[in-house]
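Secondary and tertiary structure notes
Each chain, written out:
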Amino acid sequence: MSGASVYTLVTGASNGIGKAFAEECAARGHHVLLVALPEPKLEDVTKALKKKYPRQSFDHLGVNLMEPDGAKLTFDWCYNKGYKINILINNAGLGNSGPFESMPFSFYHGQMQLNMISLVGLTHSFLPILKSQEKGFVLNVASIAAFYDVPYKSIYAASKQFVLSFSRSLNKELEHSNVSVSALCPGGVLTNEDVKQRTQELGLVARKSALLPEEVAEYTLSQLLKGKQVIVPGRLTRIVKMFGKLMPYNFQLNLMANQFIKNSR
């Protein structure tokens, strides 16, 4: 890092992959800004990092990025405190499984706001600051679902397809700049007991390919800093993705439907 005022910013930083990113970045010597819902665990994670890495700088912001002004509030907080960032990790997101009609539109509206609109807003706001650094990086967290149409996860999968397409397109636009944009497309990540249970229900391949958040963070950060455009952690997940391209579309669609209808709740 070039100085105490240059930070990595991680959204969704109090749990799961986001927390693992914050910890991995700290272990690599980064100063870290943690953004997540205003809950006690956000402050707990920040305090733990400050204690473990006393020579580095950490701060946190509790904000709901499902709200329309969430991205602006985050940018304004950084601007007012004089925080400059050279790595933006757009990790905050919301998933679900179940028939489309099982959730109210308000849920999907919030999901799309978080998974797409806030992500774009943060990227747009911070891009000039990233360009002012010696080297800047944007990591947008998508999903292995970004490569498929997924019945019973239709809005989630579509939102992650958006993230992947946006990231690839923007990376091309910025290819002659000092900023690179990467999309992370993980398979199953064992973030909590509920996810572990759902992974068990999806069968052998899902169980064998699932990774711990710490594994995802370590691999992803290494690939991000190399400028890798699309990052798929886990050898088995990459193999499954490769074979997925060879499947006829209707077979693939039926396979997804059969998998996720039993995972719906």
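Just above, that's the structure.
Numbers given to residues run from 1 along each chain, matching the order in which its sequence is written. Local features are withheld for residues below a pLDDT of 70 in this predicted model, meaning they are given only at 70 or higher, and side-chain atom pairs are given and counted only at 80 or more; totals for whole chains, interfaces and linings count all residues. Neither water nor hydrogens contribute to the side-chain values; these are computed over all heavy atoms in the structure.

Details of the sheet that holds strand β3 (residues 58-62)
Quick reminder of the rule: Pairing between two strands is assigned when DSSP locates at least 2 bridges connecting them. Secondary structure is summarised from DSSP: a helix means a run of H or I of at least four residues, a strand means a run of E of at least two, and numbering begins at the N terminus for each. Residue contacts are counted whenever heavy atoms from the two residues lie within 4.5 Å of one another. Each axis is a line fitted through C-alpha atoms, and for a helix only the stretch in contact is used; angles between axes span 0 to 180 degrees, taken between their N-to-C directions.
Read from one edge to the other, the open sheet built from 7 strands follows the order β3-β2-β1-β4-β5-β6-β7, with strand pairing classed as parallel. The open sheet is flanked by β3 and β7 (230-231), the only strands paired with a single partner. Here helix α1 (residues 16-27) sits on the sheet in contact with β1 (6-11), β2 (31-36), β3, β4 (84-90), β5 (136-141) and β6 (179-184), set at roughly 165° to β1. Relative to the sheet, helix α4 (residues 105-131) contacts β1, β4, β5 and β6, its axis offset from that of β4 by approximately 155°.

Remarks on the nonpolar core
How we decide: As used here, the term nonpolar core means buried Ala, Val, Leu, Ile, Met, Phe, Trp, Tyr and Cys residues forming a set that is joined through side-chain atoms within 4.5 Å. Relative accessibility decides the category of a residue: with a 1.4 Å probe and only protein chains considered, values under 20% of the type maximum give buried, values over 50% give exposed, and everything between is partly exposed.
Judged by nonpolar contacts, the single largest core of 29 residues is most densely connected at Phe21, Leu34 and Leu49. Looking at this core, the elements with two or more residues in it are α1, β2, α2 (40-52), β4, β5 and α8 (213-225). Residues within four places of Leu49 in sequence aside, it is in contact with Ala22, Glu23, Ala26, Leu34 and Phe58.

A look at the packing of α4 against helix α5 (residues 154-173)
Using the following cut-off: Note on angle classes: values under 35 degrees are labelled roughly parallel, values over 145 roughly antiparallel, values of 65 to 115 roughly perpendicular, and the remainder oblique.
It is the contact of α4 with α5, at a shortest axis distance of 9 Å, that shows an interaxial angle of 10°. Judged on the interaxial angle alone, α5 and α4 are roughly parallel. Within the contact between the two elements, α4 uses Tyr108, Gln111, Met112, Asn115, Met116, Leu119, Val120 and Thr123 and α5 uses Ile155, Tyr156, Ser159, Lys160, Phe162, Val163, Phe166 and Leu170.

Details of the packing of α1 against α8
A pair of packed helices is captured by two measures, namely the crossing angle of their axes and the spacing between those axes. We apply this condition: Take the far helix as the reference: if the near one is turned anticlockwise from it by less than a right angle, the crossing is left-handed, and if turned clockwise, right-handed.
Across the interface, α1 lies against α8 with an axial gap of 8 Å and an inter-helix angle of 55°. With respect to their mutual orientation, α1 and α8 come out oblique. For the pair α1 and α8, the sense of crossing is right-handed. Here Gly16, Ile17, Ala20, Phe21, Glu24 and Cys25 of α1 come into contact with α8, specifically with Pro213, Glu214, Val216, Ala217, Glu218, Thr220 and Leu221.

Quick word on a nonpolar patch on the surface
Rule in force here: A patch consists of residues whose relative accessible area exceeds 30% and which take part in no salt bridge; residues with like charges are grouped when within 9 Å of each other, and nonpolar side chains (Val, Leu, Ile, Met, Phe, Trp, Tyr) when within 5 Å. With residues, only the protein chains shown are counted as cover, and all accessible areas are computed by Shrake-Rupley using a 1.4 Å probe. The salt bridge definition used is simple: a Lys or Arg side-chain nitrogen within 4 Å of an Asp or Glu carboxyl oxygen.
Among the surface-exposed residues, Leu236, Ile239, Val240, Met242, Phe243 and Leu246 lie close enough to one another that they form a single nonpolar patch of about 540 Å² accessible area. Its location among the elements puts Ile239 in helix α9 (residues 235-244). Here Ile239 falls in the partly exposed class, since its relative accessible area comes to 36%.

Description of the pairing of β1
To keep things clear, this is the line we draw: Whether a crossover is right-handed comes down to one check: with the strands pointing away from the viewer, does the path from the first strand over the helix to the second run clockwise; if it does, it is right-handed.
For β1, a buried count of 6 out of 6 residues is recorded, marking the element as mostly surrounded by other parts of the structure. Of the two faces of β1, both are covered, the one formed by Val6, Thr8 and Val10 as well as the one formed by Tyr7, Leu9 and Thr11. In this sheet, β4 lies alongside β1 in parallel orientation, the contact comprising 5 bridges. Its bridge partner lying in β4, Val10 is registered against Ile89. Where β1 and β2 come together, 5 bridges link them in parallel fashion. Counted as the bridge partner of Tyr7 is His31 from β2. Handedness of the β1-α1-β2 crossover: right-handed.

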